[in-house]
Amino acid sequence: MKYKIRQEKEGDAAAIRDVVAQAFKGKSFEDPDDPVIVERLRDDGSLVLSLVAEAGGEVIGQVALSPAKIGDSPYLCLGPIAVLPGHQGKGIGSDLMGHALGVARVYGRDGVVLMGDPKYYSRFGFKRVAAITYEGEGADYIQVLPFGADPSGPLSLHPLLTP
Ligand SMILES: CC(C)(COP(=O)(O)OP(=O)(O)OC[C@H]1O[C@@H](n2cnc3c(N)ncnc32)[C@H](O)[C@@H]1OP(=O)(O)O)[C@@H](O)C(=O)NCCC(=O)NCCS
């Protein structure tokens, strides 16, 4: 199946909401606010990057970046990332990840942080770093991809991304 990855454009908001809602449905970490995170980040001026995968004119995947901080280091937080259930397992999530990390690398921050299953994200180089502290829920799922030295200190995410 042919698809392309592109920057979100006006009119994508509902489709992005739908992709996240369908992908996260029934997951143990599902939160009712997940589908609206991207639009709320956008409204707040905190959406650094929002990419979609499009096939046949339909949005089938998405990934977003927003500002974060670890200790004194400026980071980017990657999430949500989602692919429609019918299109999962075909490399689209990896492709979205690759594009988002490419942008992150030239963005001028110290690395990327996310919360998710280490079994999936370790393939992209994400790792757990013990010197990162986090007060909220899900500390065990925090992983980073530092572009230089490992970060240390408290992680702060955009409040919309705090479970
Ligand atoms: C995670 C997600 C974005 C990956 O997109 P995708 O297009 O399916 O990913 P790819 O096809 O590039 O990679 C698929 C691989 O990831 C694995 N995988 C996907 N989700 C995984 C998870 N939660 N834990 C472990 N492995 C996972 C698949 O088993 C597959 O492994 P393989 O390459 O060894 O066969 C997509 O599966 C999704 O939307 N999942 C539901 C929402 C979600 O979990 N989002 C992340 C929240 S932290």
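Rules and cut-offs
Residues numbered from 1 in each chain as written. Predicted model: local features only at pLDDT ≥ 70, side-chain atom pairs only at ≥ 80, totals over all residues. Heavy atoms only, no water. Near = heavy atom within 4 Å. Areas by Shrake-Rupley, 256 points an atom, 1.4 Å probe, with all protein chains shown as cover. 1 Å grid on protein atoms, 1.4 Å probe; cavity = no way out; pocket = protein on both sides within 12 Å on 5 of 7 lines; lining within 4 Å. Sits in = over half its atoms within 2 Å of the grid points. Helix = DSSP H or I, 4+ residues; strand = E, 2+ residues; numbered from the N terminus. Nonpolar A, V, L, I, M, F, W, Y, C, P; charged D, E, K, R; others polar. Phe/Tyr/Trp six-rings, centres within 6.5 Å; stacked < 30°, edge-to-face > 60°. Buried < 20%, exposed > 50% of the residue type's maximum accessible area, 1.4 Å probe, protein only. Contact = heavy atoms within 4.5 Å. Points joined across faces, edges and corners; volume = space filled by probe spheres on them.

### What to know about the site of the ligand
- Taken together, 21 residues sit near the ligand, with Val 83, Gly 89, Gly 91, Gly 93 and Ser 94 positioned nearest.
- Here the ligand loses 69% of its free accessible area of 880 Å² to cover by the protein chains.
- Counting atoms within 2 Å of the grid points, the majority share of the ligand lands in the largest pocket.
- Listing elements by their share of the shell around the ligand, those giving two or more residues are α1 (13-24), β4 (73-83), α3 (92-106) and α4 (118-121).
- Residue classes in the shell around the ligand are distributed as ten nonpolar, six polar and five charged.

### Comments concerning the packing of aromatic side chains
- Under the counting rule described, the total for this entry stands at four aromatic pairs.
- Aromatic side chains Phe 24 and Phe 29 sit 5.6 Å apart centroid to centroid with 85° between the ring planes, which places their arrangement in the edge-to-face category.
- When its relative accessible area of 52% is taken as the criterion, Phe 29 is described as exposed.
- A connected cluster of aromatic rings, assembled from ring pairs, spans Tyr 120, Tyr 121, Phe 124 and Phe 126.

### Observations concerning the environment of Leu 51
- On the secondary structure map, Leu 51 appears in strand β2 (residues 49-55).
- With 44 residues separating them along the chain, Leu 51 and Gln 7 place their C-alpha atoms 4.4 Å apart.
- Contacts of Leu 51, omitting those with residues within four sequence positions, involve Ile 5, Arg 6, Gln 7, Glu 8, Gly 61, Gln 62, Val 63, Leu 96, His 99 and Ala 100.

### Topic: the layout of surface pockets
- The space that makes up the largest pocket amounts to roughly 1,200 Å³.
- In this structure, the largest pocket is lined by 41 residues; those nearest its centre are Phe 24, Phe 29, Met 115, Gly 116 and Tyr 121.
- Each residue belonging to the lining of the largest pocket can be placed in one class, and the counts come to 21 nonpolar, eleven polar and nine charged.

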